[in-house]
Protein chains: 2
Amino acid sequence: MASTLHDVARLAGVSIKTVSNVINDYPHIRPATKARVEQAIADLGYTPNLTARSLRSGRTGAIALAVPELALSYFAELAAAVIEAADEAGVVVLVEQTGGDRDRELELLRSPRLQMTDGLIFSALGMGQDDAEHLERPYPLVLLGERIFDAPVDHVTMRNVEAARAATEYLLASGRRRIAVVGAHPGEVIGSAGLRLRGYREALEAAGVPYDDSIISETTTWHRSNGARGMRDLLDRGVTFDAVFGLNDTLALGAMRVLQEAGIRVPEDVAVMGFDGLDEAQYSIPSLTTVDPGQRWIARTAVATLLERIRRTDAAGEPRLLLADFHIAERESAPSEAMIGA
Amino acid sequence: MASTLHDVARLAGVSIKTVSNVINDYPHIRPATKARVEQAIADLGYTPNLTARSLRSGRTGAIALAVPELALSYFAELAAAVIEAADEAGVVVLVEQTGGDRDRELELLRSPRLQMTDGLIFSALGMGQDDAEHLERPYPLVLLGERIFDAPVDHVTMRNVEAARAATEYLLASGRRRIAVVGAHPGEVIGSAGLRLRGYREALEAAGVPYDDSIISETTTWHRSNGARGMRDLLDRGVTFDAVFGLNDTLALGAMRVLQEAGIRVPEDVAVMGFDGLDEAQYSIPSLTTVDPGQRWIARTAVATLLERIRRTDAAGEPRLLLADFHIAERESAPSEAMIGA
DNA sequence: CTGAAAGCGCTAACAG
DNA sequence: CTGTTAGCGCTTTCAG
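Residues numbered from 1 in each chain as written. Chains lettered and ligands numbered in written order. Predicted model: local features only at pLDDT ≥ 70, side-chain atom pairs only at ≥ 80, totals over all residues. Heavy atoms only, no water.

Examining the overall build of chain A
Looking only at helices and strands, chain A has 12 helices and 12 strands in total. The C-alpha radius of gyration of chain A comes to 26 Å, more than 25% above the 20 Å expected for a compact globule of 342 residues. The dimensions of chain A, computed from C-alpha atoms along their principal axes, are 85 × 45 × 30 Å. Looking at chain A residue by residue over its 342 residues, the buried ones come to 55%. Partitioning the intrachain contacts of chain A with sequence separation of at least 6 by distance along the chain shows that 68% fall at a separation of at least 24. (Helix = DSSP H or I, 4+ residues; strand = E, 2+ residues; numbered from the N terminus. Rg over C-alpha atoms; globule rule 2.2 N^0.38 Å. Buried < 20%, exposed > 50% of the residue type's maximum accessible area, 1.4 Å probe, protein only. Contact = heavy atoms within 4.5 Å.)

Structure representation (structure tokens):
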């Protein structure tokens, strides 16, 4: 079926090595020979067999990306950015879904399937700090997410605490004092929820505003329905608040919907702030003010770091922690002080 | 580094063939031998080298999925479903993004990278009917989408015309007569926009409602902002309508936002209908009535069909056209007749 | 039931 | 500048 180096060599009347040289454009080849070989390649429609090349070189030209769930916008956007960055580097991406399940994550880390790739970008969600050791494998790995820190691997992530603190400060600066939270994880310290809640508390404390857990709503997963449910809980409790901080955009959008159903005006009665900087946050009604934690930078940096590790596997160097810059995307659901003044 | 069959064979004191037999659980092995080999495998932490296996067998255990853009919810959900189905079959998925660009789609079809996979699920968007011939390749391929029909490949897709017709009939049945459309593609006959518009026209005609192109808004791409812009156009034209059919959910959501900004009540003044059955359509305010064209079925069927082709590449059989069932997901933005009566 | 050996298509020493 | 050759690690006849 497909032609091989031998076929090309035979047709061009040269040896297999010469053909190989042409393909990998080895510098010293007589132009005439080169032309003859190229002609033969064209005639046969020859393409090198990548599997054979992989076996020989130990490189596949593919990387793996593991995320909890592609259908979650955050991970879809992450995957899109990773694939784009990889494509620019001439590398393809194999995408795995773990469902955010610890066992499946651990299983993936030991999976022989990973041999089909040169390295892994791993967005952990189910695993916790105690599982850090499982990340130590003789295989290029870049960790994303905020479930595990100080593991012996490169880690690209966002400034959760600082970004959540900035978001809360923004709400405080706009005059809000009773800021409810949707999406807290019971007792969590590390992890997106725990860290963001910490940033929230730090901002309150710095401003001298008391922390009140009656306006903190907890949920396990971060789908839109959870944001809606969380807000319903808050309303049912009969507590008062003048702002809501959704620990991610999806939650904030769900919460905003319930607010509006209840006849509460956004932002006049209650301001809403999200976290993630999703595309769709621009198109809700009202559009969602959110903190963009630098996801595209994270994707690009993860790919660059992984490829770097793959290239120089020998001179490993210390594992690095790389943190993205964040910024607040001010929109309608939570205008800044200035806008209110206007 | 990694141990090989030879290492295992040496440790177990058997030949390499015996080890291979154990791994591929060949039936007739003496239990004692088998146990000894398994012990050696465990001791060495041996895992078979998949690249070598691929070279030998000609199979990679991976398939490719090409979509325009993962950040579009529709394709993210499609990819999630494809990966899940593939995973159940023990196959991994390499995801490529084409940007919906014809040249990149054609390039992908000839890409040597595809050798790293056993087959391709190809969601074409930029290519048109005239490019059908390019799909005829000596490589298992399943086509998705509605840009190309009657190509010599398996094609899994939705009933665009019928589903759009049903959506329109639903609006007509609920008493709407002036149904605007957002997202039409100028002059398109085949393709999602063209086919869905045809279904729309068929329904109007059957009901004796005149088609009026002053309430048809055109757009090239199908992002949320296009839906918003389309609706603004309609409002600027000063035309009247009592319903909007967004040719996909994203457009419908964008359009709905603009309606509400303009103080037009949904569904009281204008009903809104989408197309795609996206998860997020459940969480908008109001929730979006939409037609679910059977995307999950499409994903599962595409994977099953592709694996089937890969398995029996010899007895090819005729290319098949597989069409998903659709249904209308009735929600708040467009209540049915019955609901209005209630 | 198990061993020996060929070869998938390619790259890279090593010769010439 | 180009040819020969030895594997990468595995599967698979073909013998025993």
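Description of the pairing of strand S10 (residues 289-292) of chain B
All names here are of chain B. Both strand S9 (residues 271-275) and S10 contribute to a ladder of 3 bridges, which runs parallel. Paired with Phe275 across the two strands is Val291, which belongs to S10. Judged from the 3 bridges that link them, S10 and strand S12 (residues 327-329) form a sheet pairing that is antiparallel. Along S12, the bridge assignment pairs Thr290 with Ala329. (Pairing = 2+ DSSP bridges.)

A word on the side chain of Asp249 of chain B
All names here are of chain B. Structurally, Asp249 is set in helix H10 (residues 249-261). Polar contacts involving the side chain of Asp249 include one to the main-chain amide nitrogen of Leu278, which spans 2.8 Å. Those residues in contact with Asp249 that sit more than four places away from it in its chain are Gly274, Phe275, Asp276, Gly277, Leu278, Ala281, Leu288 and Thr290. (Polar contact = N/O pair within 3.5 Å; in protein donor to acceptor, adjacent residues only side chain to side chain.)

What about the interface of chain A and chain B?
In this assembly, 48 residues from chain A lie in contact with 48 residues from chain B. Where chain A abuts chain B, roughly 4000 Å² becomes buried across the two surfaces, and 62% of that area is made up of carbon and sulfur atoms. Across the chain A-chain B interface, the total number found is 4 salt bridges. Arg113 of chain A serves as the salt-bridge partner of Asp87 of chain B, at 3.3 Å between the closest nitrogen and oxygen. Where the side of chain A that touches chain B is concerned, the elements lending two or more residues are helix H4 (50-57), helix H5 (73-88), strand S2 (92-97), helix H9 (224-237) and helix H10 (249-261) of chain A. For the side of chain A that touches chain B, the leading source of residues is H5 of chain A, giving 7 residues. In terms of residue class, the side of chain A that touches chain B is built from 24 nonpolar, 13 polar and 11 charged. Sheet analysis places S2 of chain A next to strand S2 (residues 92-97) of chain B, joined by 3 bridges and oriented antiparallel. By the bridge assignment, Val93 of chain A is partnered in S2 of chain B with Val95 of chain B. (Buried area = accessible area lost by both parts, 1.4 Å probe. Salt bridge = Lys/Arg side-chain N within 4 Å of Asp/Glu carboxyl O. Nonpolar A, V, L, I, M, F, W, Y, C, P; charged D, E, K, R; others polar.)

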